[in-house]
Amino acid sequence: MVYLRSEGMNMTKQRYFSLILILGLLTALGPFSIDMYLPGFRDIADNLHTTVARVSLSLSSYFIGISLGQLLYGPLLDRHGRKKPLYAGLLLYILASAACLRVTSINMLIVLRFVQAVGSCGAAVGSMAMVRDLFEVKESAKVFSLLLLVVGASPMIAPTVGGYVISLFGWRAVFVILLIMGVLIMLLTIWFLPESAQADPSFSLLPGPITRNFIGVLKVRAFLTYALAGSLSFSGLLSYVSGSPNVFMDIYHVDKKVYGWIFAGLSVGFIGFSQFNTLLLKRYSSRQIIRIAMIAQVLVIGVFLGGNMAGWYGLYGTITFIFLFLVCMGFIYPNAAALSLAPFSRNAGSASAIMGAMQMGIGALASVAVSVFSNGTATPMIAIMATTSALALVILFTWGVKAETQALNALKIE
């Protein structure tokens, strides 16, 4: 039995499973929207008379849309409860997905992907806030790890399915599937997901109070440390996602179906080890795990960068080092999320929004940099992954002591 915070009761394993599944689907909507069309970059470029590098900007615009949109949804979730903003976001996502079916230029696709992202990020922020609402702090890191298991269906299924769908029906068919997904998730949310926080009319939606609330969240040292360090580390993952079509399909000349399988296989590192994280949490604290994982990530990507510049690695070496990088990410992400949100209850929506905005905003900049510095090799992608990972480690060890003291004394996380 697991304690359900907001209802003051224990819930059965069946109820726990269904809740995790729906929250996971909400969280996975954005990643699935990213991953499924990746094998179609070359087809999109040919159909819209542009380049693969230009098509990758539609991915960057998606990241930017998620980043900015989360700042919008955070205050709405705190003012109106969780479900009404969820409905609004899902409806916008559905409409944008339908519009993507009719695009005639890459600029239209870039803009509509931004709108689609703004819709999907309501689901992302809402699901994270609901985890904070529903579960005790010590349970939340485990729940985030379980959510990653559901989210893991995206990188393991989406590119593979996308490759076959695009081969059979063309790249626009991807947006038909995303449209159907949006409708199904909307129905599940309406029918089966409980409201985890009551509306708070006292929570102002005026710019001044919202800004002060955001500033108040950022002043919490534990939040700023773990959210920023986690976001920088996470941007390495988004750099890989953005650069992988070019690296695998253009540089190493694998076809779209094989690329889908490679992408799915690499995701096992991220998803699989996020589940091993739940076992480690029985013996170690989140702050201990994240420290070791970030050190390991910097070492892995440093060796990868140096060897790549020396010309030591081919396709299989590249796959190996990206896998190891994602293994580290599987330990970093759930613990960074749990430690970031731990200090908050009443304004968990705003805190979730800021954390998500950091993740996707920094990730968007990293993905744009991958496109801008593309030179026909894997080096720009790897160098950006190495830079963001190193910065994350510096922040963790520079600010971490005060953040840990605050977390331990105020919240008794351990």
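Being a predicted model, the structure only gives us computed values, none of them experimental.

Conventions we followed
- Residues numbered from 1 in each chain as written.
- Predicted model: local features only at pLDDT ≥ 70, side-chain atom pairs only at ≥ 80, totals over all residues.
- Heavy atoms only, no water.
- Helix = DSSP H or I, 4+ residues; strand = E, 2+ residues; numbered from the N terminus.
- Buried < 20%, exposed > 50% of the residue type's maximum accessible area, 1.4 Å probe, protein only.
- Contact = heavy atoms within 4.5 Å.
- Core = buried A, V, L, I, M, F, W, Y, C linked by side-chain atoms within 4.5 Å.
- Expected span 1.5 Å × (residues − 1).
- Bend = angle between axes of the 7 residues up to and from the residue.
- Axes fitted to C-alpha atoms, helices over the stretch in contact; angles between N-to-C directions.
- Parallel < 35°, antiparallel > 145°, perpendicular 65-115°, else oblique.
- Left-handed = near helix turned anticlockwise from the far one by under 90°.
- pLDDT = per-residue confidence, 0-100.

**Some thoughts on the overall build of the chain**
Right, on to step 1. Helix and strand counts for the chain come out as 15 helices and two strands.
Right, on to step 2. Across the 414 residues in the chain, those meeting the buried criterion constitute 59%.
Right, on to step 3. Across the chain, contacts joining residues at least 24 apart in sequence account for 85% of those joining residues at least 6 apart.

**Some points on the side chain of Ser367**
Right, on to step 1. For Ser367, the location among the structural elements is in helix 14 (residues 348-372).
Right, on to step 2. Residue classification places Ser367 among the buried positions, given a relative accessible area of 0%.
Right, on to step 3. Among all residues touching Ser367, those that are not within four sequence positions of it are Ser60, Phe63, Leu238 and Ser242.

**Topic: the nonpolar core**
Right, on to step 1. Core analysis: the largest hydrophobic core is formed by 127 residues, its most contacted members being Phe223, Tyr240 and Phe248.
Right, on to step 2. Examining the composition of this core, we find that 15 residues originate from one element, helix 10 (residues 221-251), more than from any other.
Right, on to step 3. Residue contacts for Tyr240: discarding those within four places in its chain leaves Phe248, Phe263, Leu266, Ile322, Leu326, Met381 and Met385.

**Quick notes on helix 10**
Right, on to step 1. Its 31 residues place the ends of helix 10 43 Å apart at the C-alpha level, agreeing with the 45 Å of an ideal helix rising 1.5 Å per residue.
Right, on to step 2. At Gly243, helix 10 shows its largest bend, some 50°, and a proline, Pro245, comes one to four positions later.
Right, on to step 3. By the criterion of burial, helix 10 is predominantly enclosed, with 26 of the 31 residues buried.
Right, on to step 4. Two residues or fewer past helix 10, His253 is found with a positive phi of approximately 60°.

**Here's the deal with the packing of helix 3 (residues 52-80) against helix 4 (residues 83-100)**
Right, on to step 1. Contact geometry of helix 3 with helix 4 gives a least axis separation of 9 Å together with a crossing angle of 150°. In this view, helix 3 runs roughly antiparallel relative to helix 4, as classed from their interaxial angle. Crossing geometry of helix 3 relative to helix 4 is assigned as right-handed. For the pair formed by helix 3 and helix 4, the contact residues are Tyr62, Tyr73, Leu76, Leu77 and His80 on the first element and Lys84, Pro85, Ala88, Gly89, Leu92 and Tyr93 on the second.

**A word on the environment of Gly81**
Right, on to step 1. With respect to the helices and strands, Gly81 occurs in the loop between helix 3 and helix 4.
Right, on to step 2. Note on Gly81: relative accessible area 0%, which makes it buried.
Right, on to step 3. C-alpha separation for the pair Gly81 and Asp200, spaced 119 residues apart in sequence, amounts to 7.2 Å.
Right, on to step 4. Those residues within four positions of Gly81 in sequence are excluded, and the remaining contacts are Leu76, Glu195, Ala197, Gln198 and Ala199.

**Regarding the confidence of the model for the chain**
Right, on to step 1. Scored by pLDDT, the chain has a mean of 80; 88% of the residues are at 70 or more.
Right, on to step 2. Per-element mean pLDDT across the chain ranges from 46 in strand 1 (residues 2-4) up to 93 in helix 4.
Right, on to step 3. For the stretch residues 410-414, pLDDT sits under 50, and the model shows 14 contacts to residues farther than four places along the chain or on other chains.

**Section: helix 1 (residues 13-35)**
Within an α-helix, residues lying three or four positions from one another point in the same direction, as the helix has 3.6 residues per turn.
Right, on to step 1. In a regular helix each residue adds 1.5 Å, so 23 residues correspond to 33 Å; helix 1 covers 31 Å between its end C-alpha atoms and thus fits that length.
Right, on to step 2. Ala28 marks the point of greatest bend in helix 1, at about 40°, and the proline Pro31 comes within the next four residues.

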